[in-house]
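Analysis of the macromolecular model
Each chain, letter by letter, is given below.
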Amino acid sequence: MTAGTSSRLRVGQAVEDGWQAFRRSPWPFVFFALLVGVLSAIVQAIGNAGINEEGEVLGAGGLIAALVSLIGSTIVSLWGTTGLVRGAWMALEGRRPAFADFSRWDGAAATRLFVRQLALALVILVIAAVAAVVAFGLMQINQLLVWIPAVVALAVFVYLAVNQKFIAYVALLQQRGPLDTIQHGRQVVDPSWWSVVLLLIVESAIILVGLLLCGVGLVAAFPLALCISTAAYRQLFGSDDQTGLAS
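Below or above, wherever it landed, is the structure these notes cover. (Residues numbered from 1 in each chain as written. Predicted model: local features only at pLDDT ≥ 70, side-chain atom pairs only at ≥ 80, totals over all residues. Heavy atoms only, no water.)

What follows concerns the overall build of the chain. Summing up its helical and strand segments, the chain has 10 helices and zero strands in all. In the chain, the succession of α and β elements from N to C terminus is α-α-α-α-α-α-α-α-α-α. Radius of gyration (C-alpha) of the chain: 20 Å, near the 18 Å computed for a compact globule of 247 residues. Counting only C-alpha atoms, the chain reaches 60 × 50 × 35 Å along its principal axes. A total of 247 residues make up the chain; the buried ones form 40% of that total. For the chain, the share of sequence-separated contacts (at least 6 apart) that also reach a separation of at least 24 residues comes to 78%. On the chain, roughly 12800 Å² of surface is accessible, and the fraction owed to carbon and sulfur atoms is 70%. Taking the 14 positively charged and 13 negatively charged side chains of the chain as two groups, their mean positions are separated by 10 Å. (Helix = DSSP H or I, 4+ residues; strand = E, 2+ residues; numbered from the N terminus. Rg over C-alpha atoms; globule rule 2.2 N^0.38 Å. Buried < 20%, exposed > 50% of the residue type's maximum accessible area, 1.4 Å probe, protein only. Contact = heavy atoms within 4.5 Å. Areas by Shrake-Rupley, 256 points an atom, 1.4 Å probe, with all protein chains shown as cover. Lys, Arg positive; Asp, Glu negative; His and termini not counted. Charge placed at Lys NZ, Arg CZ, Asp CG, Glu CD.)

Given below as structure tokens:
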């Protein structure tokens, strides 16, 4: 299927395909998700160690701890996302990914993902800055008018949160520039915007169930939700691995 040829997302089919993919290799999914969670907790604890009860950084040592935590959490996030997407992609193709497939570091893929996520963050920052400037100007007229740019900005953020749902997949699996990645995500998702909203609700429900199971179920719920997202991506964007991520 050529990328973007599917006009509508079939959420039920994505859930079924994602579940079957997860079932092909459940333990590597669970163990890798658990490892990512543990490493994330460790780097977060390092950052917290440099902050006192008032939220103040404790001198040079606190700054170093905060920097280590920031860099560490970024690396763990990039590594975890790349590994889970690779594993889900392989499973959806009928293969049984091993733990080594999840844990393999791919510097080029991680860089692509980081740059595209940074570009999206900058777009959001620009929108927030414009909204703040407009709000400040309207406040000089009437304080109640401040709500107008606030509501508009919120609506734009919700819109972006949905149509950039698959930004990590586009970054990892397609050869596109940062802004083109964002634009392509918008073009492909917009015809199925409400279906993607439903997909987000379904995945949130799965993760919530995992949290309610004393948090233990989260190590299975999160990779399952990611497999469902990967199946949905393949419906909308196509099943071509242009970068060789899962080779």
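Now for helix α5 (residues 107-139). End to end, α5 covers 47 Å across 33 residues, agreeing with the expected 48 Å (1.5 Å per residue, within 8%). When α5 is considered as a whole, its buried residues turn out to be A109, A110, R112, L113, R116, A119, L120, A131 and A135. (Expected span 1.5 Å × (residues − 1).)

Attention now moves to the side chain of E203. Considering the arrangement of structural elements, one finds E203 in helix α9 (residues 193-212). Look at E203 and you get buried, because its relative accessible area is 5%. Not counting the four nearest positions on each side in its chain, E203 is found in contact with K165, A225, I228 and S229.

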